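What the coordinates show
One letter stands for each residue in the lines below.
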Amino acid sequence: MKPYQKEFITFAISHKVLTFGSFSLKSGRTSPYFFNAGLFNTGEALAEIGRFYAAALQDSGLPFDVLFGPAYKGIPLVASLVIALNNGFKKNAPYAFNRKEKKDHGEGGSIVGSPLKGQIVVVDDVITAGTAIRESVGIIQGEGAKLSGVLIALDRREKGTGVEVSAIQQVEKEYGVPVVAIVTLDHVLEYLKEAGGYDKEVEDITAYRTQWGI
């Protein structure tokens, strides 16, 4: 685990973005942990999350001409990412996001920000079913651009409903591009074991991963 990944997990726990307990998921499963990126809801938190996304993007080597944040959660994430790239890596990266409803006045269209041209990396919080990514790919291809990868905060490393692969693996296979996460569930487990005092959480997550993990 790299230093920025460890820092990210500490940060997520301290902001209660990553919490432990018993949580009912849309899939019907009961998860011993929950990740809610919506709780990165202050200027300080947003500045920090951008720094972690920037580190992961740099680490990944994903090629891109424009970074794209799908509405709605992806919008503040991609904005914080490009600010962090500029401040921390001196990279002035173009970014864009979409409107949910097409605008028919003013500048019009459904894309705000930089035109979608060349290679595009989609920036989002998690991939649960892959719906938002598929919508993003439709937008990207509609603009004549090409998806080159996806950048998310957490890879749950969990099977999809009724399949033996994860939603992330499905996206990677379907579009032939990598999905990069700041951290995976494996990193979370490693962190909890090293930190100590999380014996029950480690036991519950390990059992859950044994049942639903990929």
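This section reports on the structure supplied with the text. (Residues numbered from 1 in each chain as written. Predicted model: local features only at pLDDT ≥ 70, side-chain atom pairs only at ≥ 80, totals over all residues. Heavy atoms only, no water.)

1. Re the overall build of the chain
This is how it is decided: Runs of E in the DSSP output that reach at least two residues are strands. Runs of H or I that reach at least four are helices, and both are numbered from the N terminus. Restricting the calculation to C-alpha atoms gives the radius of gyration, and the globule rule supplies 2.2 Å times the number of residues raised to the power 0.38. Accessible area is worked out with a 1.4 Å probe on protein chains only. A residue is then buried under 20% of its type maximum, exposed over 50%, and partly exposed in between. Only the protein chains shown count as cover for residues, and all accessible areas are computed by the Shrake-Rupley method using a 1.4 Å probe.
Looking only at helices and strands, the chain has 7 helices and 8 strands in total. Expected size for 214 residues packed as a compact globule is a radius of gyration near 17 Å; at 17 Å, the chain falls within 12% of this value. Structurally, the chain occupies a C-alpha span of about 55 × 40 × 30 Å along its principal axes. For the chain, the proportion of its 214 residues judged to be buried stands at 44%. Per element, the accessible surface of the chain, about 10700 Å² overall, is 51% carbon and sulfur.

2. Let's talk about the packing of helix α1 (residues 3-14) against helix α6 (residues 185-195)
To describe two helices that pack against each other, one gives the angle between their axes and the distance between the axes. So the rule is basically this: Between N-to-C directions, angles cover 0 to 180 degrees, with each direction set by a line fitted to C-alpha atoms, over the stretch in contact for helices. When an angle is under 35 degrees it counts as roughly parallel; over 145 it counts as roughly antiparallel; between 65 and 115 it counts as roughly perpendicular; any other value is oblique. Note on definitions: a residue-residue contact is assigned when non-hydrogen atoms from the two residues lie within 4.5 Å. For this classification, the nonpolar set comprises Ala, Val, Leu, Ile, Met, Phe, Trp, Tyr, Cys and Pro, the charged set comprises Asp, Glu, Lys and Arg, and every other residue, Gly included, is treated as polar.
Between α1 and α6, whose axes approach to 10 Å, the crossing angle comes to 80°. Taken together, the axis directions place α1 and α6 in an arrangement best described as roughly perpendicular. Two secondary-structure elements touch here, α1 through Q5, K6, I9, T10 and I13 and α6 through H187, V188, Y191, L192 and E194. Among the residues forming the contact of α1 with α6, the class breakdown is 5 nonpolar, 3 polar and 2 charged.

3. What to know about the packing of aromatic side chains
Selection rule: For Phe, Tyr and Trp, rings pair up if their centres lie within 6.5 Å, where Trp contributes its six-membered ring, and each pair is then called stacked (planes under 30 degrees apart), edge-to-face (over 60) or tilted (otherwise). Geometrically, a charge over a ring is one whose NZ (Lys) or CZ (Arg) sits within 6 Å of the ring centre while staying within 35 degrees of the ring normal.
For the structure shown, the criterion picks out 6 aromatic pairs. Both rings, one in F8 and one in F35, keep their centres 6.3 Å apart while their planes meet at 45°; by these two values the pair is tilted. Remark: F35 occurs in strand β2 (residues 30-35) and F8 occurs in helix α1; sequence separation between them is 27 residues. Pair check on accessibility: F8 and F35 agree, each one buried. A connected cluster of aromatic rings, assembled from ring pairs, spans F8, F11, F35, F40 and F52. Taking NZ or CZ as reference, R51 lies 4.7 Å from the ring centre of F52, over its face.

4. Examining the nonpolar core
Defined as follows: Think of a nonpolar core as a cluster: buried Ala, Val, Leu, Ile, Met, Phe, Trp, Tyr and Cys residues, connected wherever their side-chain atoms sit within 4.5 Å.
Counting 44 residues, the largest nonpolar core has F8, F35, F40, Y53, L67, L81 and I182 as its most contacted members. Excluding its chain neighbours within four sequence positions, the residues that come into contact with F40 are F8, F11, V17, F35, A45, L46 and I49. A96, I111, A145 and L147 belong to the second largest nonpolar core, which has 21 residues in total.

5. Topic: the pattern of salt bridges
The criterion, for reference: Salt bridge, as applied in this entry: a Lys or Arg side-chain nitrogen positioned within 4 Å of an Asp or Glu carboxyl oxygen.
Per the counting criterion, the structure on display carries 13 salt bridges. The salt bridge involving E158 is made with R29; its shortest N-O contact spans 2.8 Å. On the criterion of sequence distance, the pair formed by E158 in the loop between β7 (146-155) and α5 (167-175) and R29 in the loop between β1 (18-24) and β2 is long-range, its members being 129 residues apart. In terms of burial, E158 and R29 fall into one category: buried.

6. A look at helix α2 (residues 43-60)
Applicable threshold: What a helix is expected to span follows from its residue count: subtract one and scale by 1.5 Å.
A rise of 1.5 Å per residue sets the reference length of α2, with its 18 residues, at 26 Å; its end C-alpha atoms lie 26 Å apart and thus fit the reference within 8%. Looking at the packing, one finds that the buried side of α2 touches α1, β3 (66-69), α3 (74-89), β6 (119-123), β7 and β8 (179-184). Positive backbone phi, at 75°, marks G61, one or two positions downstream of α2.

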